[in-house]
Each structure stands twice: as structure tokens, then as C-alpha cells.
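One-letter residues, chain by chain:
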Amino acid sequence: MWRLSTRETTVWYSRSPNREPPPRTVQPQLSGSAVQAAAHDPETPSMTSAGEDRHWFEDAVLDVLPDLLGTARRLTRNHADAEDLSAEAVAKAWISIGTLKDRDNFRGWIFRIMTNLFISAHRARTSRPDEEPLPDESAAFSLFERLHQPFLLWWSTPEKEFLDKLVREDFERAMDALPEPFRLVVVLMDLQGFSYADIARQLDVPIGTIRSRLSRGRALLQKALWQHACDAGLRDAPTNQEDQNA
Amino acid sequence: MNDPNTIDCAEALRLLAEYLDGELRDGVHDGVEHHLHACRSCYSRAEFEQLLKTQLKRLGSGEVRPAFEERIRQLVVEFTTSPASRPDNE
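Here the structure is a predicted model, which is why all the values come from computation and not from measurement.

## Details of the overall build of chain A
Argument step 1. Scanning chain A for helices and strands turns up 11 helices and 2 strands.
Argument step 2. Taken from the N to the C terminus, the helices and strands of chain A come in the order β-β-α-α-α-α-α-α-α-α-α-α-α.
Argument step 3. Within chain A, the fraction of its 246 residues that count as buried is 37%.
Argument step 4. Long-range contacts, defined here as pairs at least 24 residues apart, represent 64% of the contacts in chain A between residues at least 6 apart.

The structure is reproduced here in C-alpha cells:
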């Protein structure tokens, strides 16, 4: 369930009948509720050049929508929730459009809105701490070190052959297995290409934290890919020694 | 390992992620790049990590169902044409 909060309104959205009931009326489609939420907000200032704004906003939204949805999919790990989260971000973006000082920054700005919506919803759903403790050795796992065989020189590159055997679902599974704080940073960097500074602003954490989470998240991701490859028979099962080193 | 000039393998590998992410300032970036061109082992590592990044980047764009795109279009239209729906112009 995702919640859109404005200054005076709170709108809840739910697709699953098995989830807890929302505190207010649930609308099956986001659009009507979101529009009404904004329409009846007496504090929303007047709009100028409405037609121009509308066409610009629609073009900007549709341009970024595949990336927005792709990121939402990785954050929520669920297609329906990803669409709801993306739609919420669009609705919130329109409500907050006055805070966008430079239209060239629209992409980073709407991503920040979406990540904040996701984080708020996640924190409302769970009492888990932000940082999940990891064993030290997980932070050091490297697929390259596991697979590279320098004596083969140019005749064979086992590490590249390993990646060739993996399909999109393998990468998705490994990404989805990352704990949220690491997944957020890896998604924003490796999937969307935001700078460390952009991500730090989006998540409101220091750049050093971004570096740390990125490093640990990538190590965890590589370890998950390795484990999946072993489980799926794409690699020989790790030896006991390898298990100890993994 | 091989003729590292100003940056050795340990330093190049320590900086590799930030190099590939485009996060190093020019001088340091050039130092890592110079090392990678001189060191086969580190170059192979960089090549692999870049390949993995490329694979992951493909996950970043989701297929937009026509019905969802229409939902978003309707959302924008309803928002932007509703007389009382106005953006925050502050």
C-alpha cells in the first residue's frame, strides 16, 4: 500500500485485497483520488500559463516514465506496486511543481520525490533499522577474484563467460535480494547513473555513506549472482574452501 | 604489478569503482586510467566490472504497459485541467 501525503490530504492506494485496509476511502485508480486531493487543497497557489505547463509536464513525465517505472520495479519488487509508486510520484510532482527551480533538473527531482515516497512507505511498513548488519567478508566478495584465471591470458576469460550465462532474471533476482539501503543506492547509481552527490541529496545522507553502501551493495550483489549460478548449475558447486572464503 | 608509474595496483583497485562511476577528479582519474593502460591484470578487472555495470543498467528501464501509460496521461490531464488543481508556484 502506498500513501500520498500533501499538506492537508492523505490518500491511500491499495491493489491487494489481502493487505490491511486503508484509513480512508480506497480508490481503484490513482488518478481520480490524486486529482481530487490536489483540487481540494486550498493552499495550492494559482497556476499560470496552464496549457504550456501541462504540455511540458506531460512530455517530461512520459520521457522519464520507463526509467521511473524500472526503478520503482526494483525498489518495490512488485509490478503493481511499481506502477502505483510511479503514479504517486507523478501526482506528487505536479503538486510540488513550484519547487522545481530548473526544468533541466526534472529527472533528478522526480526521482527524489519517488525515492522519498518509497522510503516513507517502507518506514511506515517496517520497524527494521536502516542498516542491516553484514558479515565483514560479504563486503569483500568479488566475482572477478573468484573467476579470473590470469594464466589463461587472452585464450579464455572465465569471468566474462560467467556473465554471458546469466539472463536478465538472474540479475533481477540478485538485485531484489539486496537489503533496501543497499538496493536503493545500487539502483540509483548502476541502473540510473546518478552521481554520488545526487544520490546523497535524494536520500539525504552523506556522500561517504553512499560510497560505503554502494561498495557493500555491489559485493552482496556479486555474491548473490555467484550463489545463484552455483545453485542453478551454471557453475560447479563451490568447494568447502570456496565456501569458507565466500 | 606492471609499471604503475604514480599509482600502484592496490591504489588503482581501491579507486576503481569511483573511476568507473566517473566520480574521480581529473588528476586522479587520469592516474588510474594510465595505470589501467599499463597493467593487464587491473585492466581485466576494470573491463569485467564495467561489463557488469552495463548488464545492470539494462534493468533500469521498465517496459511501460500501454494501459499504464494511458493511466499516467489521464492523471496528467485531470490534474492539469481541473480548475481547482493548481501547482505550487512558490
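## Overview of the overall build of chain B
Argument step 1. Scanning chain B from N- to C-terminus turns up 4 helices and 0 strands.
Argument step 2. The N-to-C order of helical and strand elements in chain B reads α-α-α-α.
Argument step 3. A total of 90 residues make up chain B; the buried ones form 29% of that total.
Argument step 4. Sequence separation of at least 24 residues holds for 67% of the intrachain contacts in chain B that already meet a minimum separation of 6.

## Quick notes on helix α9 (residues 196–203) of chain A
All names here are of chain A.
Argument step 1. Buried within α9 we find Tyr196, Ile199, Gln202 and Leu203. End-on, the buried residues of α9 take up no more than an arc of 125°, which puts them together on one face.
Argument step 2. Just past α9, the residue Asp204 takes up positive phi, approximately 60°.

## Considering the domain arrangement of chain A
Residues and elements named next belong to chain A.
Argument step 1. Annotation of chain A at the domain level lists domain 1 (2–125) and domain 2 (136–245).
Argument step 2. Listed as interface residues are 11 residues of domain 1 and, on the opposing side, 13 residues of domain 2.
Argument step 3. Taken together, the elements giving at least two residues each to the side of domain 1 that touches domain 2 come down to α2 (50–76) and α4 (106–125).

## Observations concerning helix α2 (residues 26–38) of chain B
Note: α-helices contain 3.6 residues per turn, so residues at a spacing of three or four share the same orientation.
Residue and element names in this part refer to chain B.
Argument step 1. With 13 residues, α2 extends 18 Å from end C-alpha to end C-alpha; this agrees with the ideal 18 Å at 1.5 Å per step.
Argument step 2. By the burial criterion, the buried members of α2 are Val32, His35 and Leu36. For α2, the angular spread of buried residues about the axis comes to 100°, placing them on one side. Exposed residues lying more than 90 degrees from the buried face of α2 are Asp26, Gly27 and His37.
Argument step 3. Buried residues belonging to α2 abut α1 (9–20) and α3 (40–57).

## Some details on unusual backbone geometry
Residue and element names in this part refer to chain A.
Argument step 1. A positive phi angle, close to 60°, is found at Arg77, a residue other than glycine.
Argument step 2. Judged by the 16 C-beta atoms lying within 10 Å of it, Arg77 is partly exposed.
Argument step 3. Positive phi outside glycine occurs at Asp204, with the angle close to 60°.
Argument step 4. By secondary structure assignment, the location of Asp204 is in the loop between α9 and α10 (207–231).

## Some details on the packing of helix α8 (residues 180–191) of chain A against α9 of chain A
Packed helices, taken two at a time, are described by the angle between their axes plus the distance between the axes.
All names here are of chain A.
Argument step 1. Taken N-terminus to C-terminus, the directions of α8 and α9 make an angle of 140°; their axes are 10 Å apart at the nearest point. As far as their axial angle goes, α9 and α8 are oblique. For the crossing formed where α8 meets α9, the hand is right-handed. Only Ile199, Gln202 and Leu203 of α9 make contact with α8, whose side of the interface consists of Leu184, Val185, Leu188 and Met189.
Argument step 2. Partitioning the contact of α8 with α9 into residue classes produces 6 nonpolar, 1 polar and no charged.

Definitions and limits used
Residues numbered from 1 in each chain as written. Chains lettered and ligands numbered in written order. Predicted model: local features only at pLDDT ≥ 70, side-chain atom pairs only at ≥ 80, totals over all residues. Helix = DSSP H or I, 4+ residues; strand = E, 2+ residues; numbered from the N terminus. Buried ≥ 20, exposed ≤ 12 C-beta atoms within 10 Å, placed from the backbone. Contact = placed C-beta atoms within 7 Å. Arc of directions from axis to C-beta. Domains from an automatic or database assignment. Expected span 1.5 Å × (residues − 1). Axes fitted to C-alpha atoms, helices over the stretch in contact; angles between N-to-C directions. Parallel < 35°, antiparallel > 145°, perpendicular 65-115°, else oblique. Left-handed = near helix turned anticlockwise from the far one by under 90°. Nonpolar A, V, L, I, M, F, W, Y, C, P; charged D, E, K, R; others polar.

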